[in-house]
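Chain by chain, the residues:
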Amino acid sequence: MTLTARRLTALVLATVALVGLTGCTASSSSSGSSQAQPAADAATEEDSAEPDSAVVITGRIAITTSDPLSAATEATAIVGEAGGRVSGREERAGEDGEQAQAVLTLRIPADALETVRTALAALGTVTETTMETTEVGAATRDLDARITTLRTSIARYTEWLGTADSTSDLIELESAIAERQTELEGLETQARDLADQVSLSTVTLALQSEYVPVTTAPENLGEAIAIGWSGFISFWTSVVIALGLGLPWLVLLLLTAVVIIWLVRRSRRREASALAALPAGVPDAHLFAAPPAQTTATPSSAAHSAAGQTPPN
């Protein structure tokens, strides 16, 4: 065999070997890809099946204790040690047989909620526990997407603003940037509030003392006398207070009565003076003029009058 034939044979064998090696590599790659694709699909399905992790928890806990005000102080310390805070507090001391009460609005870290609730239950007797959860993962993702879009848009408009030539383009771009910036700030505020609600659960803690019915009926003679004396004092105290309230009106009525009596007496004195000024011996009947007497004509007088004669006396 010549040198040329040997070289040709070696070239053919090398080509065949290279083709076989390439086929094996492609087969291995294809097999690896076919195995990796189901794994990726399984991972995608697993991620989509993952439950929503953004959850807002709100609740109410009612506890009956002997001293609600002291229990409220202990509850504040418990929440503070867990990394939370008290955002609202209302207290009322028990007076005249009423129940003492304290109402606290607690912001508790979500991961420490169960621990804090167990510690709060040791303050007294738990009479009510209500917990509600709201999934906000979709709202959180929506806010994040809108914030990202607005930031990208603002960056793009800002870039265009640097290359604008005319005044009208500058005004339009600045207006668009300001509008998007305002919307972005509002969305960021919503996102922060939502994140705060997710990280810190809101729980209303109501602490109240035990109800003690008030006894009104006396149980012995001493209590009866005390109740009677208290009622007697209360009655006359009320009378004195009523007199004090009505005293200005009584004074006004008294002055009005004095003026009326004085006017009546003055009128009577004037009448007495007028009667005393009349002449002596004049009867009271002459004070008024008597009406003139009317004479009745007799038949004979009428006849004489008709004849023009004077009737005889």
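Residues numbered from 1 in each chain as written. Predicted model: local features only at pLDDT ≥ 70, side-chain atom pairs only at ≥ 80, totals over all residues. Heavy atoms only, no water.

### Quick look at the packing of aromatic side chains
The tally for this structure, following the rule as stated, stands at four aromatic pairs. Look at Trp229 and Phe232: their rings are 5.6 Å apart centre to centre, the planes differ by 25°, and that puts the pair in the stacked class. A residue pair is termed a helical-turn pair when its members lie 3 or 4 positions apart in one helix, as Trp229 and Phe232 do in helix H6 (residues 221-276) at three residues. On the accessibility criterion, Phe232 (43% relative accessible area) is partly exposed. Taking the centre distance of 6.3 Å and the plane angle of 70° together, the rings of Phe232 and Trp236 count as edge-to-face. Separated by four residues within a single helix, Phe232 and Trp236 lie in helix H6, roughly one turn from each other. The exposure class of Trp236 is partly exposed, given its relative accessible area of 43%. (Phe/Tyr/Trp six-rings, centres within 6.5 Å; stacked < 30°, edge-to-face > 60°. Helix = DSSP H or I, 4+ residues; strand = E, 2+ residues; numbered from the N terminus. Buried < 20%, exposed > 50% of the residue type's maximum accessible area, 1.4 Å probe, protein only.)

### Quick notes on helix H5 (residues 167-199)
Taking 1.5 Å per residue as the helical rise, H5 with its 33 residues ought to reach 48 Å, and the 47 Å between its terminal C-alpha atoms agrees with that figure. Taken together, the buried positions of H5 are occupied by Leu173, Ala176, Ile177, Leu184, Leu187 and Leu194. On its buried side, H5 packs onto strand S1 (55-64) and helix H4 (137-163). (Expected span 1.5 Å × (residues − 1). Contact = heavy atoms within 4.5 Å.)

### So, the pattern of salt bridges
Here the structure, examined in full by the defined rule, presents six salt bridges. Measuring nitrogen to oxygen at the nearest pair gives 3.8 Å for the salt bridge that ties Arg146 to Asp142. One end of the pair is Arg146 and the other is Asp142, both in helix H4 and four residues apart, which spans about a single turn. Asp142 sits in the partly exposed class, given a relative accessible area of 40%. (Salt bridge = Lys/Arg side-chain N within 4 Å of Asp/Glu carboxyl O.)

### Here's the deal with a positive patch on the surface
A cluster of basic side chains, namely Arg265, Arg266, Arg268, Arg269 and Arg270, defines a positive patch on the protein surface. By the secondary structure assignment, Arg265 is in helix H6. On the basis of relative accessible area, Arg265 is assigned to the exposed category, the value being 55%. (Patch = residues over 30% accessible without salt bridge, like charges linked within 9 Å, V, L, I, M, F, W, Y side chains within 5 Å. Areas by Shrake-Rupley, 256 points an atom, 1.4 Å probe, with all protein chains shown as cover. Lys, Arg positive; Asp, Glu negative; His and termini not counted. Charge placed at Lys NZ, Arg CZ, Asp CG, Glu CD.)

### A word on a nonpolar patch on the surface
On the surface, Leu243, Leu247, Leu250, Val251, Leu253 and Leu255 cluster together into a nonpolar patch covering about 590 Å² of accessible area. Locating Leu247 in the fold gives a position in helix H6.

### Observations regarding the side chain of Thr65
In this fold, Thr65 is placed in the loop between S1 and helix H2 (68-81). A polar atom in the side chain of Thr65 sits 3.2 Å from the backbone oxygen of Leu123. Excluding residues within four positions of it along the chain, Thr65 makes contact with Ala71, Leu123, Gly124, Gln208, Ser209 and Glu210. (Polar contact = N/O pair within 3.5 Å; in protein donor to acceptor, adjacent residues only side chain to side chain.)

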